[in-house]
Amino acid sequence: MFPRATTHFILVSAIAFVASLSTPVLSQESNSGSEAQAEPGSTSPERRIYTTERVGTNAPRIDGILDDPAWRAVPWSGDYLQNDPHSGEPPSQETSMKILYDDEAVYVAFRAQDSEPEKISSQVARRDWFPGDWVEINIDSYNDNRTAFSFTVSVSGVRGDEFVSQDGDNWDSTWDPVWFAETNVDDEGWTAEMKIPLSQLRFGDDHQQVWGIQSTRRLYRKEERSTWQLVPSDAPGWVSSFGELHGIEGLRPQRQIELLPYASAQAERFAQDGDNPFATGSDESVSLGLDGKVGLTSDLTVNFTINPDFGQVEADPSEVNLSAFETFFSERRPFFIEGSNILDFRLARNNAGGSFTSDRLFYSRRIGRSPGHFPDAIPGEYVEVPENTSILGAAKLTGKTKNGWSIGLMESVTAEEKAELDFDGARRKEVVEPLTNYFVGRTAKDFREGQSSLGAMFTAVNRSIDDEELEFLHSAAYSGGVDGRHTWNDRTYHLSGTVAFSQVRGDERAILRTQTAPARFYQRPDASHVSVDSTRTSLSGIAGSVRGGRSGNSSVLYETGVAWRSPGFETNDLGFLRRSDEINQFSWVGFRSQKPVSAFRHIRWNFNQWTNYDFHGTNTSNSVNTNANLTFRSNWSTGASITRDFPFLSHHELRGGPSSEWPGIWSLDAWVRSDDRRRFFFEVGAFGRWRDEDTGQDQEAWIDLGFRPNDVLRVTLNPSVSRAEPELQWVTRATAQAGSDAGEARYVLGRLEQNTAVMTVRLDYAATPDLSIQFYAQPFVSAGKYSEFKRIRDPRADDVEDRILRLDGEQIRLVDGRYEVRETGGTDPDYVFFDPDFNFRDFNSNLVARWEFSPGSLLYLVWSQGRTGFSSNGDFSLRDDVSDLFEIHPHNIFLIKVSRWFSL
């Protein structure tokens, strides 16, 4: 039986299918566009207007040479002004553009004059890398002053495209429309032509259209950017500052049906184990799937994927996580990152600091995650567990209507996954992940020409749990919220806020697991405002934030606000949440120079402050930070940051034990970066952390080396080394086994010496803009040695030595991989714990050849390799650890994948 929300997925898929068989339909909205006006007293530059013409039957031929008669129908528009570094001043080289349109496309011509054409930088790279000299046009076809479609072409012919949202605060380069561009270099500089199919844009059905437009040119050798519409460096927004495109009339609704079927073949080679029936040393598979895009109207689109394959996606960086909390990794899968801004609902956008910066209602990496259950195998039984949950299908409905409504719906279904177990040839299967449905709905409405907005979001996870082994999972999880933003005085000031709720449901074991998870630790013995209820079958909570400040039209900006998470708030089934039971107040003030000053191209400085409370009203932490970034006229840059975390009270350091006092921390980092336009470039940096009361220190140093021997090859090496020496590192929670304290918890800490070395290697070769080879490799080694063990005695004592009981050599000894502790000197140990020393070695690499053999159609050849090893001696030797890493038998994956784009 399918989970309840599966009907949403079927409905969205049905709509896409019906639309593919029907004739084009009109946009849902029909409001006349009007010329945007600045508010009274506005300091914004006068808005420019370009009037285009409809081209007849002889549309321009896209070859980069501007000799087509059609271009004579419209005038050149030049007078670009610098945006950076000298805002508002004439550019070093002049630029002009022309715009035409017909029923199929918008055509754009550029003349980029250059008095020294031999110095034009014609670097080649893969799509969306924006190398060398380039020109760009941004089109706000919604005319909402908030979003735009960006099209860029480098002089080498490399195309780049981005979806711009949040008035220029978010540029999504994963958006990959099908469009065309060619360039040509001549004695006067260079020229470019673009053809942008209307099917790739979104617009209303007005007879007369008014679109926002902006054009930018990059002069690479001077790192200078000039724009057609002046946008002052202190402007509070990008899209809201665009000029306007007039003259578009009678556009017919565009029927957009794009299908991208794919086929892939994969071969795996790994270590063979004669005793393990699953470790055969090889495996082969063939996959078929389909991605598609259907334009329901001229402003609403359905994207869908069936049996998606992400074999070409780069692996996550390696790490050793010794904290109580999950690491946030960014999404890398194309289907989920394209258009993800529409489904974005951050619980707090805190620029000052604090613990809420990654929290969100929707975290797409929950879909297709690793199975949550590992079978309890009997001795001698071998187990094979799927690495990830299979995504059966997913669909997204996204768009923005002419009257300002943003809409986003997503449905995804993941398969029931089973592990296979083998004992002496007898095999059985056990479910490790249930059939699950994920639903996300998002809508927002713009007001006052995009200066204010109000939105809402709802998410749902429903699992079909029929096996007792899976009852630790939530059977259902729901979250939702409302967010709003208001700006005034020409967008100079802003006020925004969010309110959200969550509810999880399930078996008593599932809700008990949620109550005792690191995000809340209800079991803390000294917690007076929360407690564990083992009979609960649901848990609910609320969250929110309010913030306001100055966001533009000044060199000095500032913001202050507060964010909160109630103890029962939980979103990790489909969102991301580190901690609940917290109230975070924050403020920041910053300065940014508007024009070059003395030797500096840019000057940036910030001061940040944040403080945290729990829902009982206890002040748990206070921090301040200041940082500065300087860019020199030579395009070198440097920066530094210093942070003071004052002594704090932690509810999580003892992993469910009592709240405990911890020493304050000083943190400092600094870096220097050379001009990355040069053939050789680098960055060097260092970070240090020092804990009060001689309780430890950490250091890290890194260097990024880059070399570009020619215009088609780029090599980077990023080595880093770090050493952590905390005196109070968490080890484990043990239980006293004898005496009057039998059954009591013992919270064990130790001195840790952890050394880590990482090298990230990247090689990027682009034979043409459509044919590229990328290589990525990262060897990672880390070793941790524990000593000087101690346990918590009085967690809230004023002095560190009064909080802990140090265990001397006569009280603790290592026996057969376990530490035995005899605090009272008896014959039997008072408690025991395993040796925590570790050596972790990991290597990941990807070699990807990518060929766009026709527009939208791709061929991938991929070789991935992984090596992972673990031991427990804790001794660090870079030479020996790296040698041991490459003695581990590799797991190789060879993949060929071809996809063909069809437009119907």
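So, a few notes on the structure that sits alongside this text. Here the structure is a predicted model, which means the values were calculated and not measured. (Residues numbered from 1 in each chain as written. Predicted model: local features only at pLDDT ≥ 70, side-chain atom pairs only at ≥ 80, totals over all residues. Heavy atoms only, no water.)

1. Quick word on helix 3 (residues 508-515)
An α-helix turns once per 3.6 residues; consequently, residues spaced three or four apart project the same way. Here is the rule we go by: A 1.4 Å probe rolled over the protein chains alone gives each residue an accessible area, and that area as a share of the maximum for its type sets the label: buried under 20%, exposed over 50%, partly exposed in between. Only DSSP runs of H or I reaching four residues or more are called helices, and only runs of E reaching two or more are called strands; each is numbered from the N terminus. Each direction from the helix axis to a C-beta atom contributes to the arc, which is the arc of those directions. Contact between two residues is taken to exist if any of their heavy atoms lie within 4.5 Å; hydrogens are not considered. Throughout this description, a polar contact denotes any pair of N or O atoms lying within 3.5 Å of each other; where both atoms belong to protein, one of them has to be capable of donating a hydrogen while the other can accept it, and for residues adjacent in sequence the pair is counted only when both atoms sit in side chains.
Those residues of helix 3 that fall on the buried side of the exposure criterion are Ala510, Ile511, Thr514 and Gln515. With its buried residues spanning 135° around the axis, helix 3 presents them on a single face. Looking at the packing, one finds that the buried side of helix 3 touches strand 25 (474-488), strand 26 (493-506) and strand 27 (538-550). Among the residues of helix 3, the N-terminal cap falls to Asp507, whose side-chain oxygen and the backbone nitrogen of Arg509 are separated by 2.9 Å.

2. A look at the packing of aromatic side chains
For any pair of aromatic rings, the description rests on two quantities: the centre-to-centre distance and the angle between the ring planes. What counts, and what does not: Aromatic pairs are defined between Phe, Tyr and Trp rings, using the six-membered ring for Trp, whenever the two ring centres lie within 6.5 Å; interplanar angles under 30 degrees are classed as stacked, those over 60 as edge-to-face, and all others as tilted.
Using the criterion set out here, one finds 23 aromatic pairs in the structure. Plain terms: the ring middles of Trp238 and Phe242 are 6.0 Å apart, the flat faces sit at 85° to each other, and that makes the pair edge-to-face. Centroid distance Tyr819 to Phe833: 5.3 Å. Interplanar angle 25°. Geometry classified as stacked. Of this pair, Tyr819 sits in strand 44 (residues 818-821) while Phe833 sits in strand 45 (residues 831-834), and the two are 14 residues apart along the sequence.

3. Notes on unusual backbone geometry
Cis peptide bonds are those with omega within 30 degrees of zero, and the linkage from Asp84 to Pro85 qualifies with 10°. The topology assignment puts Pro85 in the loop between strand 3 (81-84) and strand 4 (95-101). Phi is positive for Glu788, close to 45°, though the residue is something other than glycine. Note that Glu788 resides in strand 41 (residues 771-792).

4. What to know about the sheet that holds strand 45
What counts is decided by this rule: Strands were regarded as paired on the criterion that DSSP finds at least two bridges between them. Convention adopted: a line fitted to C-alpha atoms gives each axis, helices being fitted over their contacting stretch, and angles between N-to-C directions are expressed from 0 to 180 degrees.
Spatially, three strands are ordered 43-44-45 in an open sheet, and the strand pairing comes out antiparallel. On the outer flanks of this sheet lie strand 43 (812-815) and strand 45, each paired with one strand and no other. When strand polarity is set aside, the average angle formed by the axes of neighbouring strands in this sheet is 25°. Examined bridge by bridge, strand 43 and strand 44 share four bridges and lie antiparallel to one another. From the neighbouring strand, Leu814 faces strand 44, where its bridge partner is Tyr819.

5. Notes on the nonpolar core
Quick note on the threshold: The set of buried Ala, Val, Leu, Ile, Met, Phe, Trp, Tyr and Cys residues whose side-chain atoms join them within 4.5 Å is what this entry labels a nonpolar core.
Among the nonpolar cores identified, the biggest contains 43 residues, and Ile99, Phe110, Ile137, Phe151, Met194, Leu201 and Trp211 are the most heavily contacted of them. Sorting the residues of this core by element identifies strand 4, strand 5 (105-113), strand 6 (134-140), strand 7 (148-154), strand 11 (189-197), strand 12 (208-219) and strand 14 (243-249) as the ones contributing at least two each. Element by element, the count of residues in this core is highest for strand 5, at seven residues. Grouped together as the second largest cluster of nonpolar side chains are 27 residues, Phe362, Ile391, Val461 and Tyr522 included.

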